[in-house]
Amino acid sequence: MADSEAGKTPAVAASKAVEAGLDGADPEQVDTVTVGSVVGSEGVSYGGARETRFQRLTRVLKSWGVETHGITPIPDEDRTDPRLHQLFFVWLSANLNVLTFSTGTVGPAFFGLSLRDSLLIILCVDLVCIMLCPSLLCPLRPKLGTRAMVQARFSWGFYGSMIPSLLNAFSLQGFLILNTIVGGQTLAAVSPHLDDTLGIVIIGVISLVVCFMGYRVLHMYESVAWFPNLVAFLVMLGVGAKHIEHLPAPPPPASAVLSYASIVVASVLSWCTMTPDYGVYHAPASSWRIFIYVYLGFFVSSLPGHMLGAAFAASAPAVPAWQAGLGDGSNVGGLLGAVLAMSGGFGRFLTVVVALTIPSAVAPTMYSFGTSFMAVSPLFARVPRYAYALVSTAILIPVAIVGAVRFYNTLVDILSIIGYWSASFAAIIIADHAVVRRGRWASYDTADWARARRLPLGGAGVLAFAGSVALIVPCMSQVWYTGPVAARGTGDISMFTGFASAFALYVVLRPLEMRVERRIGWRR
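What counts as what
Residues numbered from 1 in each chain as written. Predicted model: local features only at pLDDT ≥ 70, side-chain atom pairs only at ≥ 80, totals over all residues. Heavy atoms only, no water. Helix = DSSP H or I, 4+ residues; strand = E, 2+ residues; numbered from the N terminus. Buried < 20%, exposed > 50% of the residue type's maximum accessible area, 1.4 Å probe, protein only. Contact = heavy atoms within 4.5 Å. Areas by Shrake-Rupley, 256 points an atom, 1.4 Å probe, with all protein chains shown as cover. Phe/Tyr/Trp six-rings, centres within 6.5 Å; stacked < 30°, edge-to-face > 60°. Lys NZ or Arg CZ within 6 Å of the ring centre and 35° of its normal. 1 Å grid on protein atoms, 1.4 Å probe; cavity = no way out; pocket = protein on both sides within 12 Å on 5 of 7 lines; lining within 4 Å. Points joined across faces, edges and corners; volume = space filled by probe spheres on them. Nonpolar A, V, L, I, M, F, W, Y, C, P; charged D, E, K, R; others polar. Axes fitted to C-alpha atoms, helices over the stretch in contact; angles between N-to-C directions. Left-handed = near helix turned anticlockwise from the far one by under 90°. Salt bridge = Lys/Arg side-chain N within 4 Å of Asp/Glu carboxyl O. Arc of directions from axis to C-beta. Patch = residues over 30% accessible without salt bridge, like charges linked within 9 Å, V, L, I, M, F, W, Y side chains within 5 Å. Core = buried A, V, L, I, M, F, W, Y, C linked by side-chain atoms within 4.5 Å.

Peer 1: Please explain the overall build of the protein as it appears in this structure.
Peer 2: In terms of helices and strands, the protein carries 25 helices and two strands. Across the 524 residues that make up the protein, the buried fraction comes to 59%. Long-range pairs, those at least 24 residues apart, make up 81% of the contacts in the protein with a sequence separation of at least 6. Summed over its atoms, the accessible surface of the protein is roughly 19800 Å², and 68% of this surface lies on carbon and sulfur atoms.

Peer 1: Please clarify how the packing of aromatic side chains should be interpreted in this entry.
Peer 2: The geometry of two aromatic rings is summed up by the distance between their centres and the angle between their planes. In total, this model carries 30 aromatic pairs according to the counting rule given. Their ring planes at 55° and their centres at 5.4 Å tell us that Trp156 and Phe465 sit as a pair that is tilted. Of this pair, Trp156 sits in helix α11 (residues 153-156) while Phe465 sits in helix α24 (residues 459-472), and the two are 309 residues apart along the sequence. Residue Trp156 shares its accessibility class with Phe465, and that shared class is buried. One residue, Arg216, lies across the ring of Tyr281, its end atom 4.7 Å from the ring centre.

Peer 1: For this particular structure, what's the right way to read empty space enclosed by the protein?
Peer 2: Remark: the empty space left among the atoms is shown by a probe the size of a water molecule rolled over them. In this structure the tally under the stated criterion is two cavities of 30 Å³ or more. What the largest cavity holds in volume is close to 90 Å³. As for the largest cavity, its lining consists of 13 residues, of which Asn95, Leu99, Thr100, Ser267 and Trp271 are closest to the centre. It is helix α6 (residues 98-111) that contributes the most residues to the lining of the largest cavity, three residues altogether. Among the residues making up the lining of the largest cavity, the classes are represented as six nonpolar, seven polar and no charged.

Peer 1: For this particular structure, what's the right way to read the packing of helix α20 (residues 359-376) against helix α22 (residues 385-403)?
Peer 2: When two helices pack together, their arrangement is captured by the angle between the axes and the distance separating the axes. Between α20 and α22, the shortest axis-to-axis distance is 8 Å and the interhelical angle comes to 115°. In this structure, the crossing between α20 and α22 has a hand that is right-handed. Contacts between α20 and α22 pair Met366, Tyr367, Phe369, Gly370, Phe373 and Met374 from the former with Arg385, Tyr388, Ala389, Ser392, Thr393 and Leu396 from the latter. Taken together, the residues of the contact of α20 with α22 break down into eight nonpolar, three polar and one charged.

Peer 1: It is not clear to me how the pattern of salt bridges should be interpreted in this structure. Could you clarify?
Peer 2: Two side chains of opposite charge can pair, provided their charged atoms sit close to one another. This model, assessed by the stated rule, comprises 10 salt bridges. Salt-bridge contacts for Glu67 lead to Arg385; the nearest nitrogen and oxygen are separated by 3.7 Å. Linking Glu67 in the loop between α4 (53-63) and α5 (85-95) with Arg385 in helix α22, this pair joins segments that are 318 residues apart in sequence. Taken as a pair, Glu67 and Arg385 share a single burial class, namely buried. Where Arg437 meets Asp432, a salt bridge forms, and the shortest distance between an N and an O atom there is 2.8 Å. Taken as a pair, Arg437 and Asp432 share a single burial class, namely buried. By sharing partners, the salt bridges in this structure join Glu67, Arg147 and Arg385 into a single network.

Peer 1: Explanation requested: the environment of Gln323 in the structure shown.
Peer 2: Looking at the secondary structure, you find Gln323 in helix α17 (residues 320-326). A residue is classified by how much of its surface remains accessible, and Gln323, at 30% relative accessible area, is partly exposed. Along the primary structure Gln323 and Gly334 are separated by 11 residues, whereas in three dimensions their C-alpha atoms are 9.1 Å apart. Once residues within four sequence positions are removed from consideration, Gln323 is found in contact with Ala316 and Pro317.

Peer 1: Could you clarify how one ought to interpret α4 in this entry?
Peer 2: Note that an α-helix has 3.6 residues per turn; residues three or four places apart therefore point the same way. Gln55, Thr58 and Leu61 are the residues of α4 that are buried. On an axial view of α4, the arc spanned by its buried residues comes to 120°, and they lie on one face. Turned more than 90 degrees away from the buried face of α4 sit Arg53 and Ser63, all of them exposed. Looking one or two places after α4, you find Gly65, whose phi comes out positive at around 100°.

Peer 1: Got a minute to help me understand the packing of helix α18 (residues 332-340) against helix α19 (residues 345-356) in this structure?
Peer 2: Where α18 contacts α19, the axes come no closer than 8 Å and their chain directions differ by 150°. Judged by the twist between their axes, the crossing of α18 over α19 is right-handed. Contact residues: Leu336, Gly337 and Leu340 in α18; Gly347, Leu350, Thr351 and Val354 in α19. Counted by class, the contact of α18 with α19 contains four nonpolar, three polar and no charged residues.

Peer 1: Quick question: what am I supposed to make of a nonpolar patch on the surface here?
Peer 2: Nonpolar side chains collect at one region of the surface, where Phe110, Ile417, Val479 and Trp480 lie side by side and expose about 410 Å² of accessible area between them. Looking at the element boundaries, Trp480 is found in the loop between α24 and α25 (494-520).

Peer 1: What am I meant to see in the nonpolar core here?
Peer 2: Within soluble globular proteins, side chains that are nonpolar tend to cluster in buried spots. Among the nonpolar cores identified, the biggest contains 135 residues, and Trp91 and Phe101 are the most heavily contacted of them. Of the residues forming this core, the biggest block, 12 residues, is contributed by helix α23 (residues 407-436). Filtering out sequence-adjacent residues up to four positions away, Trp91 remains in contact with Trp271, Met274, Thr275, Tyr278, Val294, Gly297, Phe298 and Ser301. Leu61, Val66, Phe212 and Tyr386 belong to the second-largest nonpolar core, a separate cluster that totals five residues.

Below you can see the structure in the form of structure tokens.
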């Protein structure tokens, strides 16, 4: 019996662990640790080993409905949820909120663009960017049942994928900070007795509760969180539309147009590193159906949110109450509260509701922060997912309180940095699936997800990423650094050059890497 168990593949061993109560056991752990002492990301012992207090806690939490599954690919028999419409609502709720509104305000408030110019940039970016990245990558996961950073191993290799996993964890934490800052500002706009700090704490705790429970509770919350924000945005249009006007502005320099376009691209593109995490339990379906649900979820939320933010920020100088709410341009929550206050007590009520639904963006980000850290190393995968939610909250609250003092600089810096590497990451994943694998789902064997020698070497992905970085740096334009290309007046075009160069380099390097793999006997 021992010999037959030893000869099983990691995927089979993991399935045995599932039957024994170790639902989230990672195959690398099951395959390399003596059966009988395995402790996976579930924290539940397998084979009769004595449970620790931490393991018993995990088992109790699981009985209460907390998701304890790790990053092991979801097997076909567990991917049975037919409700594909959830993929629409999760991204509708995540983007139909005040953070998307705040991204729209950056054009007029930070780059000095007119209302017309800002709206045209938003329209072009949202039409194309949403289709190109988040929506294209999402079908991979209901088809394969893999988390975003686990999927990266099929192009970056087992060891190479540690790079985007670590970058994603830090980037998502940056996004969490932005979300909670905006939430805190929005709550503080309701009453002089509230300040940003208290609001940030409230938003962080609500998000922690939703994320702690896991995948199913998160989807339930996202299915309804969009509605109060929709009502709030409609009320804002109703009371504020007559005050929106196109104020005279000088023709914008190309650098401002491209830099603002990059910010909007980054706000959308950054989701591509996490969209796959929210379809892993859904039943495989047509790629087109999945694409349409995700695309519409992003488009019908991002476009109005971005445009409303640009419209009210551009018109704020003509409305003293709005300008007072916006302050020096850094208080987006104050602007939103000032507009809604025009509808009286109901508007103040809506302001509170909008702030309390910001966890619709924070909770999924916090969730993917955990799965990304678990994908960095088998050691990190041993820590249950819910523990990372606690760690993330403990970090984001104090940092957000400090970052709220200089919101716009924080926003621009974080979104740009996220966008820089996200563009290259998305390009490599798309190039691998669409060009190298020619869209063939059969070319993926998810049983090999944790076996380094059954995955690509990873050199093509890492070198393509490094080559794109070499082109990104000269094209950067930040407060703390301006590259030589950007200094010539191009603005920040680093995301565009990063995406194009990473895509082209991977298409060239991956076939060469495959030849090397065949020569050295890799993946046999």
